[in-house]
Amino acid sequence: MLPVGSFAETNDAQERRVDERDISDIVDRMTLEEKVGQLFVIHVYGKTPTDPDYEDTNLRNNRGAKNFKEAIEKYHIGGVIYFNWTDNIGTPLDAAQVNALSNGIQEIAMDQRVPVPLFIATDQEGGIVARVTEPATVFPGNMALGATRSTEYAQQTAEIMGTELKSLGINMNFAPTVDVNVNPANPVIGVRSFSEDPELVSDLGVAQVLGYQSQGVMATAKHFPGHGDTDVDSHYGLPIIEHDLETLHEVDLKPFKAAIDHGIDAIMTAHIVVPALDDSGLPATLSKPILTDLLRDELGFDGLIVTDSLGMSGANVVPPERVPVEALKAGADVLLNPPDVDLAYHAVLDAVQSGEISTERLDQSVYRILAAKVKRGLFDNPYADPEAVDSIGSEEHLQVAEDMTDKSITLVKNDYDLLPLDGEWTWLVTGPSSGKPTTLSNLLSDKGLETESYETSASPTAAEIDTAVSLAENADAVVVTTYTANANTAQQQLVQALLQTDKPVIVAAMRNPYDVAVFPEVDGYVTTYGDRDISVRALARVFTGEVNPEGQLPVTVPEQYDFGHGIGYEDISLSAERIKAYVGQLEDGGEIDQPAVRALQVHLTAVNRYEDRQLKDKVVKHLEGFKLLLDRQHESGAIGEKGHHILKLKTDSLIKKWE
């Protein structure tokens, strides 16, 4: 049973006053073992506090306990982190289950000798990193927000995610990501970043910090001192950031400074080496010059310093038992997700007992942890009202998500006005399954287009590419949904093979916007910044013209498109004059010889005169004659296969318009 009155209404937007004496009294009452436990935020498998189905799994995976209850009682932990793969949060979301789990483990924590509520954390950035999904409100992610340039949307999305997290009992979010993504080859940040522009990252990051914390959810800016310029994933290796001090302060550190100035609760460290800040070769997570000298002393941050997951390869540059000890010595407060809970706990306990870590240093971190819990009202009421989950995925929340996603879709290239898609043509929609080609094809089909879909593997095989080419031969045009094709040679080969069919090819990049850099010759290019269903739905609306694309690139596509580039649909209907413009584009692309260009344009000028006079029969008759001229020019070699195909399709569409 939960305590009576545990769901009393509180004003989450208002920070609680932190009484230093009260916190010091709690610290003084705690044993050394209880203090050390407060430093740790760990994962535990299970759907309930004492889930019997996961006892063996927890023990096999070095959780040090069979379930949440045992971990709390044995290690006095400061918090837990929820994942989908630990089955704490299901897919789809079972809101009542998560709410009950959160309340259950808080009740256990509050029943200990010294009652201290838990941090209940997760990674809910939006987009590709989101643990809470449908039927909750799903957002397209940070770079999509960057494409909208809207601080209003940034704050709204954080308020909505904060509200829904709070209703699940999740009081700490490891978001926003404020890394400045200046490296197109970055394998771990990419679209998790708002932009390559530090000012835009700062503005949107601050908006999200204010949004989360207004709902009583602790925000965590990550990954300090900035993970935006790396081509190594710190989950699997140790990145080195070679920026000089000036660049670090003007680019990487700027969003963190802005977050600190606006009262951010926590900052997460990065497992990256930054020689300009610390030439020891240690990652920032283990670096006293970075965490204490820079973050604490120079930048004046007195909130929580949270390590990134201690199980990542980037942290394991010292023996496993030394990782949590060195992180604490460097200046970290919260030791996140150690791979072996018992080993990490006793390593820190031993270090304090031996004097390697002073009790004064330990008490500093424990004090900050307790102060954060007081500040966000957890000592007043750590529980989540079970009825609050009714607001999850509300119509109002979902509409905000759809609207902002519509605004984020970025049209980068649109030769021959291929977009919006012509409803008279047949379309092949293909690409790797991660690019959701079947989902997109079905949406377009529901909107009246004639489509066929074909999914390949993430890295298309030669046989899959051959099949896609064969299907393209029977379609009028092709849409390819790519997924980080700039780093996937097989996807590049798929696009190149489809271009060789001489059918118009439109690429929709369903994650990184940089894909067009490796096939700049595609006829159309759109980027969504993510493959969540909400992004695919918005893409379909843009493809059919229901939505005029307004997104602007929040990054530069090297040697192709500048930061801020983005085009919308011109308010120009198909006409003979417009087809003359396509002839010019095809001439520039080497598809039509000069003499043929002159003949085609003379013919189209005549058609244009009949259009101006609304002489329907003459327009149609002369367009049919134009098609015969196209055929003759094609047979003579004056018009290439692609130019002939595009102009025939456009002419047929114009004929249908007049008939």
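Residues numbered from 1 in each chain as written. Predicted model: local features only at pLDDT ≥ 70, side-chain atom pairs only at ≥ 80, totals over all residues. Heavy atoms only, no water.

Peer 1: Got a sec to walk through the overall build of the protein? Specific residues and values, please.
Peer 2: Helix and strand content of the protein: 23 helices and 16 strands. For 659 residues, the compact-globule formula gives about 26 Å, and the C-alpha radius of gyration of the protein, at 29 Å, lands near that figure. Summarising its shape, the C-alpha atoms of the protein cover approximately 95 × 55 × 45 Å along the three principal directions. Each of the 659 residues in the protein was classed as buried or not, and the buried ones make up 61%. Partitioning the intrachain contacts of the protein with sequence separation of at least 6 by distance along the chain shows that 76% fall at a separation of at least 24. Counting every atom, the protein has about 24400 Å² of accessible surface; 46% of that belongs to carbon and sulfur. If you average the places of the 52 positive and of the 104 negative side-chain charges in the protein, the two averages end up 3 Å apart. (Helix = DSSP H or I, 4+ residues; strand = E, 2+ residues; numbered from the N terminus. Rg over C-alpha atoms; globule rule 2.2 N^0.38 Å. Buried < 20%, exposed > 50% of the residue type's maximum accessible area, 1.4 Å probe, protein only. Contact = heavy atoms within 4.5 Å. Areas by Shrake-Rupley, 256 points an atom, 1.4 Å probe, with all protein chains shown as cover. Lys, Arg positive; Asp, Glu negative; His and termini not counted. Charge placed at Lys NZ, Arg CZ, Asp CG, Glu CD.)

Peer 1: Mind laying out the side chain of Asn-414, listing which residues take part and the relevant values?
Peer 2: With respect to the helices, strands and loops of the structure, Asn-414 is situated in strand S11 (residues 410-414). Within the structure, the side chain of Asn-414 is placed 3.2 Å from the backbone nitrogen of Leu-418, a separation counted as a polar contact. A distance of 2.9 Å separates a polar atom in the side chain of Asn-414 from the backbone nitrogen of Leu-419. Discounting chain neighbours no more than four positions away, the residues touching Asn-414 are Leu-419, Asp-523, Ile-567 and Tyr-569. (Polar contact = N/O pair within 3.5 Å; in protein donor to acceptor, adjacent residues only side chain to side chain.)

Peer 1: How would you explain the nonpolar core if you had to name every residue and give the values?
Peer 2: Core analysis: the largest hydrophobic core is formed by 122 residues, its most contacted members being Tyr-82 and Phe-224. The element contributing the most residues to this core is helix H13 (residues 341-354), with eight residues. If we skip the residues at most four places from it in the chain, Phe-224 touches Leu-253, Phe-256, Ile-267, Met-268, Thr-269, Ala-270, Ala-284, Ile-290, Leu-291, Leu-294, Leu-295 and Leu-299. Listed in part, the 54 residues of the second largest apolar core include Ala-538, Val-542, Leu-586 and Trp-658. (Core = buried A, V, L, I, M, F, W, Y, C linked by side-chain atoms within 4.5 Å.)

Peer 1: Describe the UniProt feature "domain: Glycoside hydrolase family 3 N-terminal" (unreviewed entry) in the protein, and please don't skip the residues or the numbers.
Peer 2: Taking the UniProt record as the reference, the feature "domain: Glycoside hydrolase family 3 N-terminal" (unreviewed entry) is found at residues 31-371. The annotated region residues 31-371 carries 41% helix and 10% strand content, and the separation between its end C-alpha atoms amounts to 18 Å. (UniProt positions renumbered as here; feature names shortened; annotations may be inferred.)

Peer 1: Run through the pattern of salt bridges, naming residues and quoting values.
Peer 2: Counting across every chain of the model gives 33 salt bridges. As a salt-bridge pair, Arg-578 and Glu-570 come within 3.5 Å of each other at their nearest N and O atoms. One connected set of salt bridges, linked through shared partners, spans Asp-123, Glu-125, Arg-131, Arg-192 and Lys-222. (Salt bridge = Lys/Arg side-chain N within 4 Å of Asp/Glu carboxyl O.)

Peer 1: Please set out the pairing of strand S15 (residues 505-509) residue by residue, giving values where relevant.
Peer 2: Taking burial as the measure, the five residues of S15 include five buried ones, the bulk of the element. Side chains Val-505, Val-507 and Ala-509 project from S15 onto one buried face, and the interleaved Ile-506 and Ala-508 project onto a second face that is buried too. Bridge analysis of strand S14 (residues 477-482) against S15 gives five bridges, and the strand direction is parallel. Within the sheet, the bridge partner assigned to Val-479 lies in S15 and is Ile-506. Two strands pair when backbone bridges link them, and S15 and strand S16 (residues 524-527) are joined in this way by four bridges, in the parallel orientation. Across the sheet, Ala-509 pairs through a bridge with Thr-527, a residue of S16. (Pairing = 2+ DSSP bridges.)

Peer 1: Report on the packing of aromatic side chains, specifying residues and quantitative values.
Peer 2: In this description, an aromatic ring pair is defined by two values, namely the gap between the centres and the angle between the planes. Taken as a whole, this structure holds seven aromatic pairs when the rule is applied. Ring centres 4.6 Å apart and planes at 25° place the aromatic pair Phe-83 and Trp-85 in the stacked group. Relative to Phe-256, the ring of Phe-224 has its centre 5.2 Å away and its plane inclined at 85°; by these criteria the two rings are edge-to-face. With a gap of 32 residues between them, Phe-224 in strand S7 (residues 218-224) and Phe-256 in helix H10 (residues 254-261) connect regions that are remote in the sequence. Across this residue pair, the class does not change: Phe-224 and Phe-256 are buried. These aromatic residues form a ring-pair network of at least three members: Phe-40, Tyr-75 and Tyr-345. Sitting over the ring of Phe-563, Arg-149 keeps its end group 4.7 Å from the ring centre. (Phe/Tyr/Trp six-rings, centres within 6.5 Å; stacked < 30°, edge-to-face > 60°. Lys NZ or Arg CZ within 6 Å of the ring centre and 35° of its normal.)

Peer 1: Give me the sheet that holds strand S3 (residues 119-122): which residues, what numbers.
Peer 2: Spatially, eight strands are ordered S9-S8-S7-S6-S3-S2-S1-S10 in an open sheet, and the strand pairing comes out parallel. Only two strands of the sheet have a single neighbouring strand rather than two, namely strand S9 (304-306) and strand S10 (335-336). As judged from the two bridges shared by strand S1 (residues 40-42) and S10, these two strands associate in the parallel manner. Residue pairing across strands places Phe-40 opposite Leu-335, the latter belonging to S10. Relative to S7, H10 is tilted by about 160°, and along the sheet it contacts S7 and strand S8 (266-269). (Axes fitted to C-alpha atoms, helices over the stretch in contact; angles between N-to-C directions.)

Peer 1: Which residues make up the side chain of Thr-405, and what are the values?
Peer 2: Counting through the fold element by element, Thr-405 comes out in helix H15 (residues 395-408). For Thr-405, a relative accessible area of 0% translates into the label buried. In contact with Thr-405, other than residues within four places in its own chain, are Pro-140, Ile-534, Ser-535 and Ala-538.

Peer 1: Give me the lowdown on the UniProt feature "domain: FIMAH" (unreviewed entry) in the protein, citing residues and values where you can.
Peer 2: When the UniProt feature table is mapped onto this chain, "domain: FIMAH" (unreviewed entry) is found at residues 577-655. The distance separating the terminal C-alpha atoms of residues 577-655 is 14 Å; by composition the span is 84% helix and 0% strand.

Peer 1: A description of the pairing of strand S12 (residues 426-432) should follow, citing residues and the corresponding values.
Peer 2: The element S12 is extensively covered by neighbouring structure, given that seven of its seven residues are classed as buried. Sheet topology note: the S12/strand S13 (residues 450-456) ladder contains seven bridges and is parallel. When the sheet's bridge partners are listed, Thr-430 is paired in S13 with Tyr-454. Note that the unit made of S12, helix H16 (residues 437-446) and S13 has a crossover that is right-handed. The sheet contact formed by S12 and S14 spans four bridges and is parallel. Across the sheet, Leu-428 pairs through a bridge with Val-478, a residue of S14. (Right-handed = clockwise from strand over helix to strand, strands pointing away.)

Peer 1: With reference to specific residues and values, describe the environment of Ile-170.
Peer 2: For Ile-170, the location among the structural elements is in the loop between helix H7 (151-167) and strand S6 (172-173). Look at Ile-170 and you get buried, because its relative accessible area is 0%. Separated by 67 residues in sequence, Ile-170 and Asn-103 have C-alpha atoms that sit 9.8 Å apart. Look past the residues within four positions of Ile-170 in its chain and what remains in contact with it is Tyr-82, Ile-89, Ser-102, Ile-120, Ala-121, Thr-122, Val-132, Leu-165 and Val-217.

Peer 1: Quick rundown of the domain arrangement of the protein? Include the residues and the values.
Peer 2: In terms of domains, the protein is made up of domain 1 (38-389), domain 2 (409-544) and domain 3 (576-658). Centre-to-centre separation of domain 1 and domain 3, based on C-alpha positions: 60 Å. (Domains from an automatic or database assignment.)

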